[in-house]
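# A structural walkthrough
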Amino acid sequence: MVKSVEESARERRNYVEQARAAFRSQQPGNIEEPAPAEEAGTPASTFGIRLVIALLLFAGFVYCDQEKITFQGIGSKQVVEQIEWNPLPVERLDAFFGDVSITSTKEKADTKAEVKEQNK
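Okay, so let's go over this structure.

Definitions and limits used
Residues numbered from 1 in each chain as written. Predicted model: local features only at pLDDT ≥ 70, side-chain atom pairs only at ≥ 80, totals over all residues. Heavy atoms only, no water. Helix = DSSP H or I, 4+ residues; strand = E, 2+ residues; numbered from the N terminus. Buried < 20%, exposed > 50% of the residue type's maximum accessible area, 1.4 Å probe, protein only. Areas by Shrake-Rupley, 256 points an atom, 1.4 Å probe, with all protein chains shown as cover. Polar contact = N/O pair within 3.5 Å; in protein donor to acceptor, adjacent residues only side chain to side chain. Contact = heavy atoms within 4.5 Å.

## Remarks on the overall build of the protein
Counting secondary structure elements, the protein contains 6 helices and 0 strands. Reading the protein from its N terminus to its C terminus gives the helix and strand order α-α-α-α-α-α. Burial statistics for the protein: of 120 residues in total, 2% are counted as buried. If you sum the accessible surface of the protein, you get close to 11,900 Å²; carbon and sulfur atoms cover 59% of it.

Here is the structure:
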């Protein structure tokens, strides 16, 4: 169904009037209570929950270490070894890549010019 020009104009006029009415209700004389944070869509922070979980895990680890408790044959020393284990040895990467640096072409040119000046 195709709308006539008059119907479209009437709908736009009604929409504008509704928008103006909404702004009039927000004037200083009209006091409305703000919407609660849950309704506004503000996400709740989970930092407190994550902190409590981390503290409980750490306290459990310390307790198991003090009492020499193992879980499925894994003790606290093996847990520490796995935490300290370096799966990506930087020394080997440095040896493999050598002098690869992440600098722009302009910086490289400037550095080369400085080296040439120093060698003169």
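Read on for the rest.
## Points about the side chain of Ser76
Looking at where Ser76 falls in the secondary structure, it is placed in helix H4 (residues 76-84). A residue is classified by how much of its surface remains accessible, and Ser76, at 11% relative accessible area, is buried. Only 2.6 Å separates the side chain of Ser76 from the side chain of Asp65, close enough to count as a polar contact. Apart from the residues lying within four places of it in its own chain, the contact partners of Ser76 are Phe61 and Asp65.

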